[in-house]
Amino acid sequence: MTMGLKLKQRFVLLAVVVILALVFLYILAGRSSAHGNDKTWLKWKEQKDERLALSSNLLLDGLMLDKSQSGRDHVQKGGLAGFEPIDFTADLGGRTPWSIAASWVSSRHIYPEDAEELGGILRMMATAEITHADVGYKGTQLKALLVLNGHQKAVFKPKRYPREHIIEGKPYDGYDRHNAEIAALHLDRLLGFRRAPLVVGRKVDLRTEIMPVGSERLMSTFLTQGNDTCFYGKCYYCKETEPACADGEVMEGSVTLWLPSNWSLKGRQRHPWGRTYRNDKQARWEYDDTYCNSVKQSAPYNSGPRLLDILDAAIFDYLIGNADRHHYETFEKDGDKGMLLLLDNAKSFGNPNHDERTILAPIYQCCKLRSSTWERMKLLTGDRLSQLLRKSLAHDPIAPVLTEAHLSAMDRRLLTAIDMVQGCIDENGRDNVLVDDSRHH
């Protein structure tokens, strides 16, 4: 009897151990499942990044990029247009730079894909004699209107900040940044848009180049602060107490080429994702995630290329940190099919430490993008955007145009934009997101 009791006790004990073991394994499996979601997501993201890198490398192989060079940013002859460095020594073949630039403008582009003379035109913009100077055209920010030898108009935006200065507060705060206009052109070229005006850096001697040819109304705004010559111009926010000052008599700035007169602008049109610039009032897109549906029902966004141009501009503006595109302009002769011109980019590159995600609202609310823009974005991953932009800007007369912090910020923002578009593709399907719009590109 005693022996039988001990045997039963052993069986009970064994059963308890087995049950406890099963309970432990069940709990462990539950925890593994909970963490498994994170692991699955991480694995998916790693695989997606690998596919993206592979796709980019394969494309780069096809474009004859020499990956033996440091940074893999050297583009051999025959590479993708827009990736080759700008040749500032380019010969203009006896033609005037202004006639070449004017002949380039079309309904969809300001300069061609293969613009061999681009560097030569930029060189002349930075060196041509200034025959007249006046206050800038209407606007909120300080600028001057220049006439270059050959009757070519240009806009001069003066330097207001050192390169390292960071704009705190709202992303559209502060003065215009002249270097932002320059960098915007080079990014526009790398993205293959070709919708930004020609811009170059220039150092102007105010005493010898401006004062002898300046209008009375411009010269009336000149003053001196210490040993520096300054001017405050005429504009909505221009104040005598806030002038732009030269380093002595030499003032750094950007020179933007005026568009040809036969391509008159339709006028400022309100951007559908514009801001209210008021703390007590939000724009509809800021609280209504279905806002894009309403936009797509009204002209000119219900047909033609305009909405796709808006989406391209969102990618462009997010990369440069431009949250100030409240209006836009198109060519008058093209009507609703006219391209959205990437003008007035000087409120960009304010804070490299801040990424203003709301600039991408058109992307995450519409979940649409040109397939050509998407492919170009993927080409620029792996820090290639900063590498190519750094190289492209290196020959500008006021280089370095951007700090390393701003260049790194663009690489970071590019990945964010790619993740956002990829999320749209994953949720809605590639064919419902990417648009082949080669007719209007």
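Residues numbered from 1 in each chain as written. Predicted model: local features only at pLDDT ≥ 70, side-chain atom pairs only at ≥ 80, totals over all residues. Heavy atoms only, no water.

(A) Examining the sheet that holds strand β9 (residues 244-245) more closely. Ordered by their spatial adjacency, 3 strands build an open sheet running β7-β8-β9, and the pairing between neighbours is antiparallel. In this open sheet, the two strands that pair with only one neighbour each are β7 (222-225) and β9. When strand β8 (residues 228-231) meets β9, the two strands line up antiparallel, connected through 2 bridges. Looking at the pairing, F231 lines up with A244 of β9. (Pairing = 2+ DSSP bridges. Helix = DSSP H or I, 4+ residues; strand = E, 2+ residues; numbered from the N terminus.)

(B) Region of the structure containing the side chain of D411. By the element assignment, D411 lies in helix α12 (residues 404-428). Buried within the structure, D411 lacks any salt-bridge partner; R390 is the closest side chain of opposite charge, at an N-O distance of 6.2 Å. (Buried < 20%, exposed > 50% of the residue type's maximum accessible area, 1.4 Å probe, protein only. Lys, Arg positive; Asp, Glu negative; His and termini not counted. Salt bridge = Lys/Arg side-chain N within 4 Å of Asp/Glu carboxyl O.)

(C) Representation of the state of the cysteines. Enumeration over the complete set of coordinates arrives at 4 disulfides. Residue C367 pairs covalently with C424 via a disulfide, S to S 2.0 Å. In this structure the cystine formed by C367 and C424 twists about its S-S bond by roughly -75°; its chirality is therefore left-handed. One end of the pair, C367, is in the loop between α9 (361-366) and β13 (369-370); the other, C424, is in helix α12, with 57 residues separating them in the sequence. For the pair formed by C367 and C424, the shared burial category is buried. With its bonded cysteines labelled in order along the sequence, the chain shows the pairing 1-4, 2-3, 5-6, 7-8. (Disulfide = S-S within 2.5 Å.)

(D) Spotlight on the UniProt feature "binding site: ATP" (unreviewed entry) in the chain. Residues annotated by UniProt as "binding site: ATP" (unreviewed entry) correspond here to Q141, K157, T256, L257, W258, L259, E329 and D344. Secondary-structure assignment places W258 in the loop between β10 (250-257) and β11 (269-270). Beyond its immediate stretch of four places on either side in the chain, W258 contacts Y137, L145, Q152, K153, A154 and V155. Along the chain, the position of E329 falls in the loop between β12 (327-328) and α9. (UniProt positions renumbered as here; feature names shortened; annotations may be inferred. Contact = heavy atoms within 4.5 Å.)

(E) The packing of aromatic side chains, seen in detail. Enumeration according to the criterion identifies 6 aromatic pairs in this entry. With 5.7 Å between their ring centres and 35° between their planes, Y161 and Y175 make a pair best called tilted. Of this pair, Y161 sits in the loop between β5 (152-158) and α4 (178-190) while Y175 sits in the loop between β5 and α4, and the two are 14 residues apart along the sequence. A residue is classified by how much of its surface remains accessible, and Y161, at 16% relative accessible area, is buried. Of the residues examined, Y175 reaches a relative accessible area of 26% and is grouped as partly exposed. Both rings, one in W263 and one in F331, keep their centres 4.9 Å apart while their planes meet at 50°; by these two values the pair is tilted. In this pair, W263 is assigned in the loop between β10 and β11 and F331 in the loop between β12 and α9, connecting sequence segments 68 residues apart. The burial state of W263 is the same as that of F331; both residues are buried. Over the aromatic face of W263 sits the side chain of K333, whose NZ or CZ is 4.0 Å from the ring centroid. Sitting over the face of the ring of Y364, R357 holds its NZ or CZ atom 4.6 Å from the ring centroid. (Phe/Tyr/Trp six-rings, centres within 6.5 Å; stacked < 30°, edge-to-face > 60°. Lys NZ or Arg CZ within 6 Å of the ring centre and 35° of its normal.)

(F) Quick peek at the side chain of S348. For S348, the position within the fold is in the loop between β12 and α9. Classification of S348 as buried rests on a relative accessible area of 0%. Of the polar contacts made by the side chain of S348, one reaches the backbone oxygen of N345; its length is 2.7 Å. The residues contacting S348, other than those within four sequence positions of it, are R177, A180, I320, G321 and N322. (Polar contact = N/O pair within 3.5 Å; in protein donor to acceptor, adjacent residues only side chain to side chain.)

(G) Seen up close, unusual backbone geometry. Cis geometry is adopted by the peptide bond preceding P300, which originates at A299 and carries an omega value of 5°. Among the structural elements, P300 can be located in the loop between α7 (291-295) and α8 (306-320). Of the consecutive residues A399 and P400, the connecting peptide bond is found in the cis state with omega at 0°. Even without being a glycine, Y277 presents a positive backbone phi close to 60°. Relative to the helices and strands, Y277 resides in the loop between β11 and α7. Judged by relative accessible area, which is 32%, Y277 ranks as partly exposed. Of note in the backbone geometry, D383 takes a positive phi value of approximately 65° without being a glycine. Following the sequence through the fold, D383 ends up in the loop between α10 (371-379) and α11 (384-393).

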